[in-house]
Amino acid sequence: MKLNELSQQLLLYRMIGDSAAEIGSLAVDSRKVEPGCLFFCVPGHAADGHDYAEQAISKGAAALVTERELPITATQIIVPDVRQALALIADYYYGRPSHKLRPIGVTGTNGKTTTTYLIERIWADAGVAAGVIGTIETRYAGESLPMSGTTPGVLELQQILHDMVEAGTERCVMEVSSHALDQGRVKGCSFRTAIFTNLTQDHLDYHGTMEAYESAKGLFFSRLGNTYSDDPRERTYAVLNGDDEASARFAKMTAAEVLTYGIEKKADLQASEVRIAAGGTSFKLESFRGSRQVKLKLVGKFNVYNALAALGAALCEGIGLDEAITSLERIGGVPGRVEPVDAGQDFAVIVDYAHTPDGLENVLNTVKELATGNVICVFGCGGDRDRTKRPIMGRIASDLADKIIVTSDNPRTEDPELIIRDIEAGLKEAGATRDRYELEPDRRAAIEKAVEMASPGDVVLIAGKGHEAYQIIGNVTHDFDDRLVAKEAIRSRNQ
Ligand SMILES: CC(=O)N[C@H]1[C@@H](OP(=O)(O)OP(=O)(O)OC[C@H]2O[C@@H](n3ccc(=O)[nH]c3=O)[C@H](O)[C@@H]2O)O[C@H](CO)[C@@H](O)[C@@H]1O[C@H](C)C(=O)N[C@@H](C)C(=O)N[C@H](CCC(=O)O)C(=O)O
Ligand SMILES: Nc1ncnc2c1ncn2[C@@H]1O[C@H](COP(=O)(O)OP(=O)(O)OP(=O)(O)O)[C@@H](O)[C@H]1O
Ligand SMILES: N[C@H](CCC[C@H](N)C(=O)O)C(=O)O
Ligand SMILES: [Mg+2]
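Rules used in this analysis
- Residues numbered from 1 in each chain as written.
- Chains lettered and ligands numbered in written order.
- Predicted model: local features only at pLDDT ≥ 70, side-chain atom pairs only at ≥ 80, totals over all residues.
- Buried ≥ 20, exposed ≤ 12 C-beta atoms within 10 Å, placed from the backbone.
- Helix = DSSP H or I, 4+ residues; strand = E, 2+ residues; numbered from the N terminus.
- Contact = placed C-beta atoms within 7 Å.
- Near = placed C-beta within 6 Å.
- Nonpolar A, V, L, I, M, F, W, Y, C, P; charged D, E, K, R; others polar.
- Domains from an automatic or database assignment.
- UniProt positions renumbered as here; feature names shortened; annotations may be inferred.
- Expected span 1.5 Å × (residues − 1).
- Pairing = 2+ DSSP bridges.
- Axes fitted to C-alpha atoms, helices over the stretch in contact; angles between N-to-C directions.
- Right-handed = clockwise from strand over helix to strand, strands pointing away.

This next bit is on unusual backbone geometry. Only a minority of non-glycine residues have a phi that is not negative, and only a minority of peptide bonds are not trans. Within the chain, His203 stands out as a residue other than glycine whose phi angle is a positive 55°. For His203, a count of 20 C-beta atoms within 10 Å translates into the label buried.

Dropping the structure here:
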């Protein structure tokens, strides 16, 4: 593709050099530059791509997109905002894949991964070839690709969407993190439906305040136009959790048609009579399409919210209410989300990805309903991430668990002992005494202790890492899977 064909996607730009240069690929990382590529100098959080322009040219880049004229002999397109230009050019270069896939995006502090899996299942049962992008993996056409985060960068995202289209995928559902919204990673992507799960504390290391965090989430709804394609009949939808007060603000921001769901307040999709048991969760649904009794295999009140969100999206897709409910009722579980570990023991062991105060509170309240004995909670908090959530999670554990073992959860470059002390401050503040909690930085030893102390009727909850098959200590990623470690611990206890 010629450079000037790409530059025509922009209104504001100044070209220096050969506008007819042939472009063979796009790149944002100088380490991945291929000869003939167009290199975007992205000003980032840790580095500035302008500093790598020379390296990109020396590796054969055909041209640069920059925010200022660089003193290098190279073809340059100078733009006011490289990230914006990247979003527009990548969308065009990859053949506008989101216009074909018409993605459903899910944002919110908790429940994104779960909700995307539920939607994928509804589509699969309806015979739609669907793809998923999110924390656990990118999956389409029977293939699973590992992910390093929740929402890929602009270029990677457009490439994935393009590959999905090539592989015959018809529709896509993806998680949209607040980081991604803040950094414009989904700017070149036309969503048909935007779902909001909830907003509670997380990521304050990045956003600074809850207001800034909410503003980032709000971008998803304010950017949603009333159509997602050139065809005005193609409507857009915002599916909002009416029990979360941020939803009313998001509803005002969007041009899309709004559908609400919830349990506490009146909503378009309303659940009541929620009953939680070990085998699943039942509720009564009242909706604009009539009332139904729903029996999920998924456990927990929070999964009622996730199911309602998925149901809302399904109705926006034109899928029938009964068809969608049947799919939701079939789903056994999502990897690492309230996942039982069974090795023949006479107490329950549950691995869950709760890594925020709200997530931990919800899952502890859920397992409390399942336990006839004690709730034993093993958890930690990630290093190099929001520190302020640590004592809050300590307090929640003290309030809701009978025994607590505080341990490490991806300490990264922080001292694990210090992270644990931050959590302990919350435990102490809530009045937990040393006979109720232990501090064990070695996660394997912590899980072994919890399994060792369990009696019949107890529930051991291992929270924070869910599907993760690693533990990041310093800059090294070690193999570690809570589910496997718990199984080993149960087996050695049984011997
Ligand atoms: C702070 C943050 O979010 N950073 C993300 C951001 O990086 P950035 O654009 O600021 O890039 P940078 O590292 O400052 O570098 C600037 C530019 O220089 C380029 N560069 C850099 C070095 C070099 O040698 N050559 C070179 O060309 C880089 O490729 C980049 O284009 O954009 C990158 C691509 O999209 C992300 O990979 C990167 O995620 C980092 C690794 C990260 O840890 N992010 C976490 C906090 C995150 O985003 N998490 C959320 C999960 C939230 C949730 O699930 O709730 C997520 O969506 O994954
Ligand atoms: N709707 C919800 N409300 C509150 N907590 C939830 C909800 N759904 C799930 N959780 C809790 O949060 C954990 C994470 O769920 P899930 O992976 O679906 O969320 P996520 O938003 O994708 O998280 P991440 O931001 O890390 O990608 C679950 O293991 C569960 O404990
Ligand atoms: N998506 C979340 C995952 C946190 C999971 C936890 N295990 C940790 O590493 O802190 C984040 O990026 O904050
Ligand atoms: Mg997720």
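From this point, the narrative continues.
Looking at the element boundaries, Asp268 is found in the loop between strand E13 (257–262) and strand E14 (269–277). Taking the C-beta count within 10 Å as the criterion, Asp268 has 19 such neighbours and is therefore assigned partly exposed. Along the backbone, Asp268 and Ile473 are 205 residues apart, and their C-alpha atoms lie at a distance of 46 Å. Setting aside its immediate chain neighbours within four residues, Asp268 contacts Leu259, Thr260, Tyr261, Ser287 and Phe288.

Close to ligand 1 lie 21 residues; Gly44, Gly149, Thr150, Gly153 and Ser177 are nearest. The residue inventory of the shell around ligand 1, partitioned by class, reads six nonpolar, twelve polar and three charged. Three or more residues apiece are contributed to the shell around ligand 1 by two domains, here domain 1 (3–93) and domain 2 (97–330).

Moving on, we come to the domain arrangement of the chain. Once the domains are mapped, the chain shows domain 1 (3–93), domain 2 (97–330) and domain 3 (339–494). Contacts between the two partners involve nine residues from domain 1, matched on the other side by seven residues from domain 2. The leading source of residues in the side of domain 1 that touches domain 2 is helix H3 (residues 82–93), at seven residues. Tallied by class, residues from the side of domain 1 that touches domain 2 come to six nonpolar, one polar and two charged.

Attention now goes to the UniProt feature "domain: Mur ligase C-terminal" (unreviewed entry) in the chain. With numbering aligned to this structure, UniProt lists the feature "domain: Mur ligase C-terminal" (unreviewed entry) at residues 336–466. Along residues 336–466, the helical share is 39% and the strand share 18%, with 4 Å between the first and last C-alpha atoms.

With 14 residues, helix H15 (residues 416–429) should reach 20 Å at 1.5 Å per residue; the first-to-last C-alpha distance of 20 Å fits that figure. Three or more residues of H15 are buried, namely Pro416, Ile419, Ile420, Ile423, Gly426 and Leu427. Where the residues of H15 are buried, they touch helix H14 (389–400), strand E20 (403–406) and strand E21 (437–439). Positive phi appears at Gly431, one or two residues downstream of H15, with a value of about 90°.

Let us now look at the sheet that holds strand E16 (residues 290–296). If you walk across this open sheet you meet the eleven strands as E9-E8-E7-E10-E6-E11-E12-E13-E14-E15-E16, and the pairing is mixed. Strands with a single pairing partner mark the edges of an open sheet, and in this sheet they are strand E9 (143–145) and E16. Pairs of neighbouring strands in the sheet enclose a mean axial angle of 15°, with direction left out of account. Note that strand E6 (residues 104–107) and strand E10 (residues 171–175) share three bridges and pair parallel. Looking across to E10, one finds that Gly105 is bridged to Met174. Each of strand E11 (193–196), strand E12 (237–241) and E13 is contacted by helix H10 (residues 246–253), which is oriented at about 165° to E12, the strand it contacts most. Across the sheet, helix H12 (residues 321–330) touches strand E15 (280–287) and E16, and the angle it forms with E16 is around 15°.

To continue, consider the pairing of strand E3 (residues 37–40). Within a regular strand, side chains alternate between the sheet's two faces. Burial along E3 is two-sided: the residues Cys37 and Phe39 and Leu38 and Phe40 are all buried. Pairing analysis gives three bridges linking strand E2 (residues 25–27) to E3, with the strands arranged parallel. For Ala27, the partnering residue across the bridge sits in E3 and is Phe39. Handedness of the crossover is the feature at issue here: the chain leaves E3, passes through helix H2 (residues 53–58), returns alongside strand E4 (residues 63–66), and the resulting connection is right-handed.

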